[in-house]
Amino acid sequence: MNKVEEFEELRPLLFSIAYRILGSVTEAEDAVQEAWLRFDGSSTLPTSVKAFLSTTVTRISIDVLRSARVRREKYVGPWLPEPLLDDPYQDPARSAELADSVSMAALLLLERLSPLERSVFVLREAFGFGFDDIASAVGRSEQACRQLLVRARRHMHDGRPRFDADRRKQQELATRFFDALSKGDVDGLRELLAADVQMVGDGGGKAPQLARAISGAENVARLLASVFPLLARIDVTCEPHEVNGQPGAIFRDRDGKVLHALVLDVLDSQIQTIRSVINPDKLGHLGPVADAWAIDGEWKQARRRMK
């Protein structure tokens, strides 16, 4: 294979590594593109192209993450990862690890780690890299990487996300949820929600949001039932879709533009957490983005007419 073919074969892996380290689709794509430029500009062919490119994209991602942390500290409201509809990298031998590590809950836990801890954890736990390759990727000794992994595991352990393993049951519950949502069925929603369910919205100060954070089955059910049937009246549609490996949906305006993404964490046949991403900066990779402020204005008009 030539350079282009070798790189394209590894692109899904490189993107998946970068996305888990960064929690951003656009930044991960940029990191992969930068890795290509460095590979293409190299005058010698590395002994292992996979090792070279994995190391390169990891180091680029660490640098990006360090600068991104400053921006995230100043972020308006809760920060959520950019929604990912399809993980391009698949490995049947590590399907469980890959699925767990791409969930929004796991990505949020990874935010607690230092850039080096996060990178070591992702390479080892999600992708099963050997410590020799990890040491090369992060520029530390194998012993140091083992210590970084121990610390990362300790930080991740208590909050480690748990989800119902049966994907069919997850999807059945999600179908019931979105049906109740479309009808504004408070009772139907309430029975699907855990008593201490959390709902978090990420608008980043650039779009209206349902709520920055709201908890409790009654509160969440009533909020959802008051908002979504009126959105349907102004031609906002719900497109069920797996998001970050979990049941979810993409909502679109009457022109098919993306309004926001909704993700559900399901455990013990109940919805534990609902996350809504409406910040337009985080939706552009899904397609043209709707004007959320204009839709909010339409929604408020529809609500006034109902009174």
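One can find the structure itself at the top, above this paragraph.
Residues numbered from 1 in each chain as written. Predicted model: local features only at pLDDT ≥ 70, side-chain atom pairs only at ≥ 80, totals over all residues. Heavy atoms only, no water.

Draft legend 1. Fine view of the sheet that holds strand β2 (residues 213–215). Within the open sheet, the six strands sit side by side as β2-β1-β6-β5-β4-β3. Their pairing is mixed. Looking at strand neighbours, the two that pair on one side only are β2 and β3 (237–240), the edges of this open sheet. With direction set aside, neighbouring strand axes in the sheet form an average angle of 15°. Pairing geometry for strand β4 (residues 248–252) and strand β5 (residues 258–267), over five bridges, is antiparallel. Residue pairing in the sheet places Arg252 in a bridge with Val258 of β5. (Pairing = 2+ DSSP bridges. Helix = DSSP H or I, 4+ residues; strand = E, 2+ residues; numbered from the N terminus. Axes fitted to C-alpha atoms, helices over the stretch in contact; angles between N-to-C directions.)

Draft legend 2. Summary view of the environment of Leu109. Along the chain, the position of Leu109 falls in helix α5 (residues 104–110). Note: C-alpha distance between Leu109 and Asp158 (49 residues apart in sequence) is 9.8 Å. Setting aside residues no more than four positions away along its own chain, Leu109 makes contact with Met156, Gly159, Arg160 and Pro161. (Contact = heavy atoms within 4.5 Å.)

Draft legend 3. Just the packing of aromatic side chains, in detail. All chains considered together, the criterion is met by seven aromatic pairs. Measuring from ring centre to ring centre gives 5.1 Å for Phe228 and Phe251, while their planes differ by 50°; the resulting arrangement is tilted. Taken together, the residues Phe228 in helix α11 (residues 217–233) and Phe251 in strand β4 connect sequence positions 23 residues apart. Phe251 carries the same exposure label as Phe228, and that label is buried. An aromatic cluster is present here, built from Phe7, Trp36, Phe39 and Phe52 joined pairwise through their rings. If you follow Lys3 out to its NZ or CZ, it ends over the ring of Phe39, 5.0 Å from the centre. Above the plane of the ring of Phe131 lies Arg146, whose end atom (NZ or CZ) is 4.1 Å from the centre. (Phe/Tyr/Trp six-rings, centres within 6.5 Å; stacked < 30°, edge-to-face > 60°. Buried < 20%, exposed > 50% of the residue type's maximum accessible area, 1.4 Å probe, protein only. Lys NZ or Arg CZ within 6 Å of the ring centre and 35° of its normal.)

Draft legend 4. Highlighting the nonpolar core. In terms of nonpolar packing, the biggest core is built from 49 residues, with Ile17, Tyr19, Val57 and Phe127 touching the most fellow members. Looking at this core, the element that brings in the most residues is helix α1 (residues 3–22), giving 10 residues. In this view, Tyr19 contacts Ser24, Val25, Ala28, Pro81, Glu82, Pro83, Leu84, Val102, Leu107 and Asn244; residues no more than four positions away in its chain are not counted. One finds Leu181, Phe228, Ala249 and Ile278 within the second-largest nonpolar core, a separate group that totals 40 residues. (Core = buried A, V, L, I, M, F, W, Y, C linked by side-chain atoms within 4.5 Å.)

Draft legend 5. Molecular detail of the packing of α11 against helix α12 (residues 292–306). It is the contact of α11 with α12, at a shortest axis distance of 9 Å, that shows an interaxial angle of 100°. Between α11 and α12, the angle is such that the two are roughly perpendicular. Contacts between α11 and α12 pair Ser226, Val227, Leu230, Leu231 and Arg233 from the former with Ile295, Trp299, Ala302, Arg303 and Met306 from the latter. Its residues assigned to classes, the contact of α11 with α12 shows seven nonpolar, one polar and two charged. (Parallel < 35°, antiparallel > 145°, perpendicular 65-115°, else oblique. Nonpolar A, V, L, I, M, F, W, Y, C, P; charged D, E, K, R; others polar.)

Draft legend 6. Inspection of helix α8 (residues 142–157) at higher detail. Here α8 is 16 residues long and its end C-alpha atoms lie 22 Å apart, about the 22 Å a rise of 1.5 Å per residue gives. Cys145, Leu148, Leu149, Ala152 and Met156 are the residues of α8 that are buried. Axial view of α8: buried residues confined to an arc of 105°, hence all on one face. For α8, the exposed residues set more than 90 degrees away from the buried face come down to Arg154 and His157. Looking at the buried residues of α8, the elements they touch are α5, α6 (115–126) and α7 (131–138). (Expected span 1.5 Å × (residues − 1). Arc of directions from axis to C-beta.)

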